[in-house]
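# Observations on the model geometry
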Amino acid sequence: MGIVVHSYGIRWNSKIESQRFPGFSNAIGLIEHCHKIGSGGVQVGVRNWSQDFAKKVRDRREKLGLFLEGSIGLPKNAGEVAVFEAEVLAGKEAGADLIRSVCLSGRRYENFHSLEEFNVFKKNSIAFLRLAEPVARKHKMKLAIENHKDWRATELVEILKNLGSEWVGATLDFGNNVALLEDPVEVAQTLGPYVFTTHVKDMGVDEYENGFLLSEVPLGTGFVDLKKIFAICKQHNPTVKFNLEMITRDPLKIPCLTDDFWPTFPDVTPQDLARTLRIVKTNPYKPALPSVSHLKDEERLEVEEQNILASLQYSESDLGMG
């Protein structure tokens, strides 16, 4: 099991004074720690890497026997293509054969308040991908677009099909689309033919007055059918990498019972909403969804580490990732 840098959202670039959980200042520190705890690789941002630093990453990674996947932003205009290409080359120099990216850094139901706004975003995203694809093709670097609480599964498939490039596929996030009222297994079945890499996560849910709460939780403790999604991924891509994204944070509020949630979802059916609320009602996380904002700094760092270790242990004992 690889580890996505966002699993260490608290510890990455942390300025917290801690002897037990010192912050990671760069990818090499992350790689060394992930090797120590038994991970098979890392997915980490390659932004602003010099060629010299990329070579250092390659040397350390190869010595420890870990795989590497990069993560970068898409070019927003022609003037950004050169920077995008430099980052692709830095990732390649470090030994990555894949770059993960996203079209939206936020969440669809929070960023956009009308269908018109969302359609502008969609048009722009397609334009950005058309700027990125020739670079990926030129350097034979796979570009994997995540379902990042922006695209429903069929929407991302439509974009990838229309792009029609063997070098652009999907980063399948196991849990994000619950927030968009989709079932994780159905999302995997839809995106499976396009999967280049993954963000493995289990999800906990509970009710709240405006919809439901959603949290990443240690693997094996939530409601996601991890084994079934693993099988779907392997069926479509036998060499796919599995990367843990265990984000330690307070639960997200998914306000699907409010009017503000709905303007960008004209095709979501009452059945989608009913199914999701049924999942929430029948799978409340016990004893309660985790919350960390009230904890002291050292306590939050410890919870983050324990969540990752527990997930790695489950991946070995139950998912065959040893």
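Residues numbered from 1 in each chain as written. Predicted model: local features only at pLDDT ≥ 70, side-chain atom pairs only at ≥ 80, totals over all residues. Heavy atoms only, no water.

### A word on the overall build of the protein
Helix and strand counts for the protein stand at 10 helices and 11 strands. In terms of C-alpha radius of gyration, the protein reaches 19 Å, essentially the compact-globule figure of 20 Å for 322 residues. Expressed along its principal axes, the backbone C-alpha trace of the protein runs to roughly 55 × 45 × 35 Å. Considering only residue pairs separated by 6 or more positions, the protein has 81% of its internal contacts joining residues 24 or more positions apart. Once the 39 positive and 44 negative side-chain charges of the protein are each reduced to a mean point, those two points are 5 Å apart. (Helix = DSSP H or I, 4+ residues; strand = E, 2+ residues; numbered from the N terminus. Rg over C-alpha atoms; globule rule 2.2 N^0.38 Å. Contact = heavy atoms within 4.5 Å. Lys, Arg positive; Asp, Glu negative; His and termini not counted. Charge placed at Lys NZ, Arg CZ, Asp CG, Glu CD.)

### Observations regarding the pattern of salt bridges
Counted under the stated rule, the structure contains 20 salt bridges. Between Arg108 and Glu155 there is a salt bridge, and its shortest N-O distance comes to 2.6 Å. Placement of Arg108 in helix α4 (residues 108-111) and of Glu155 in helix α6 (residues 153-163) is noted, with a sequence separation of 47 residues between them. Given the relative accessible area of 1%, Arg108 is considered buried. Classification of Glu155 as buried rests on a relative accessible area of 16%. Linking Arg249 and Glu216 is a salt bridge whose minimum nitrogen-to-oxygen distance equals 2.8 Å. On the criterion of sequence distance, the pair formed by Arg249 in the loop between β10 (243-244) and β11 (252-254) and Glu216 in strand β9 (residues 211-217) is long-range, its members being 33 residues apart. Beyond isolated ion pairs, a larger network of salt bridges with shared partners links Asp173, Lys201, Glu216, Glu245 and Arg249. (Salt bridge = Lys/Arg side-chain N within 4 Å of Asp/Glu carboxyl O. Buried < 20%, exposed > 50% of the residue type's maximum accessible area, 1.4 Å probe, protein only.)

### Concerning the nonpolar core
Here is a general trend for soluble globular proteins: nonpolar side chains tend to be buried in one another's company. Counting residues in hydrophobic clusters, the biggest one holds 94 residues, and the most contacted among them are Trp49, Val57, Leu143, Leu172, Phe174 and Phe212. For this core, the element with the most residues is helix α5 (residues 115-138), which contributes seven residues. Setting aside its immediate chain neighbours within four residues, Leu143 contacts Leu74, Phe84, Ile99, Ser101, Leu129, Ala132, Ala136, Trp167, Val168, Gly169 and Phe196. Formed by five residues, the second largest nonpolar core is a distinct cluster that contains Tyr208, Leu213, Val217 and Tyr285. (Core = buried A, V, L, I, M, F, W, Y, C linked by side-chain atoms within 4.5 Å.)

### Topic: the packing of aromatic side chains
Per the counting criterion, the structure on display carries 13 aromatic pairs. Aromatic pair Phe261 and Trp262: ring centres 5.4 Å apart, planes at 75°, arrangement edge-to-face. With a relative accessible area of 1%, Phe261 lands in the buried category. For Trp262, a relative accessible area of 25% translates into the label partly exposed. With 6.4 Å between their ring centres and 75° between their planes, Trp262 and Phe265 make a pair best called edge-to-face. The structure contains a cluster of three or more aromatic residues connected by ring pairs, namely Tyr109, Phe261, Trp262 and Phe265. (Phe/Tyr/Trp six-rings, centres within 6.5 Å; stacked < 30°, edge-to-face > 60°.)

### Let's talk about the packing of helix α7 (residues 184-191) against helix α8 (residues 226-236)
Interhelical geometry of α7 versus α8 gives an angle of 0° and a closest axis separation of 9 Å. Between α7 and α8, the crossing angle belongs to the class labelled roughly parallel. On α8, the residues touching Pro184, Val185, Ala188 and Gln189 of α7 are Lys228, Ile229 and Ile232. Among the residues making up the contact of α7 with α8, the classes are represented as five nonpolar, one polar and one charged. (Axes fitted to C-alpha atoms, helices over the stretch in contact; angles between N-to-C directions. Parallel < 35°, antiparallel > 145°, perpendicular 65-115°, else oblique. Nonpolar A, V, L, I, M, F, W, Y, C, P; charged D, E, K, R; others polar.)

### Focus: helix α9 (residues 270-282)
The terminal C-alpha atoms of α9, which comprises 13 residues, lie 18 Å apart, in line with the 18 Å expected from a rise of 1.5 Å per residue. Within the sequence span of α9, burial applies to Asp272, Leu273, Arg275, Thr276, Ile279 and Val280. The buried residues of α9 all sit within an arc of 165° when viewed along its axis, so they share a single face. α9 presents Pro270, Gln271, Lys281 and Thr282 as exposed residues on the side facing more than 90 degrees away from its buried surface. In the core, the buried residues of α9 are packed alongside α7, β8 (202-208) and β9. (Expected span 1.5 Å × (residues − 1). Arc of directions from axis to C-beta.)

### Notes on the pairing of strand β3 (residues 67-71)
β3 sits mainly inside the fold: five of its five residues count as buried. Relative to β3, strand β2 (residues 41-45) runs parallel, the two sharing five bridges. Each bridged residue has a counterpart across the sheet, and for Gly41 the counterpart in β3 is Phe67. The β-α-β motif built from β2, the intervening helix α2 (residues 51-64) and the parallel element β3 has right-handed crossover chirality. Taken together, the two bridges between β3 and strand β4 (residues 98-101) define a ladder with parallel strand orientation. Paired with Gly70 across the strands is Ile99, a residue of β4. Once you follow β3 into helix α3 (residues 81-94) and on to β4, the crossover reads as right-handed. (Pairing = 2+ DSSP bridges. Right-handed = clockwise from strand over helix to strand, strands pointing away.)

### Overview of the side chain of His33
Along the chain, His33 turns up in helix α1 (residues 27-36). Not counting residues within four places of it along the chain, the set of residues in contact with His33 comprises Tyr8, Arg11, Phe24 and Glu305.

### With respect to the sheet that holds β8
Across the sheet, which stays open at both edges, the three strands sit in the order β8-β9-β11 with antiparallel pairing between neighbours. At either end of the open sheet lies a strand with only one pairing partner, and these are β8 and β11. Put simply, the sheet's adjacent strands are angled 30° from each other on average, direction ignored. Examined bridge by bridge, β8 and β9 share seven bridges and lie antiparallel to one another. Bridge pairing in β9 links Glu207 to Phe212. Packed onto the sheet, α9 meets β8 and β9 and runs at close to 95° relative to β8.

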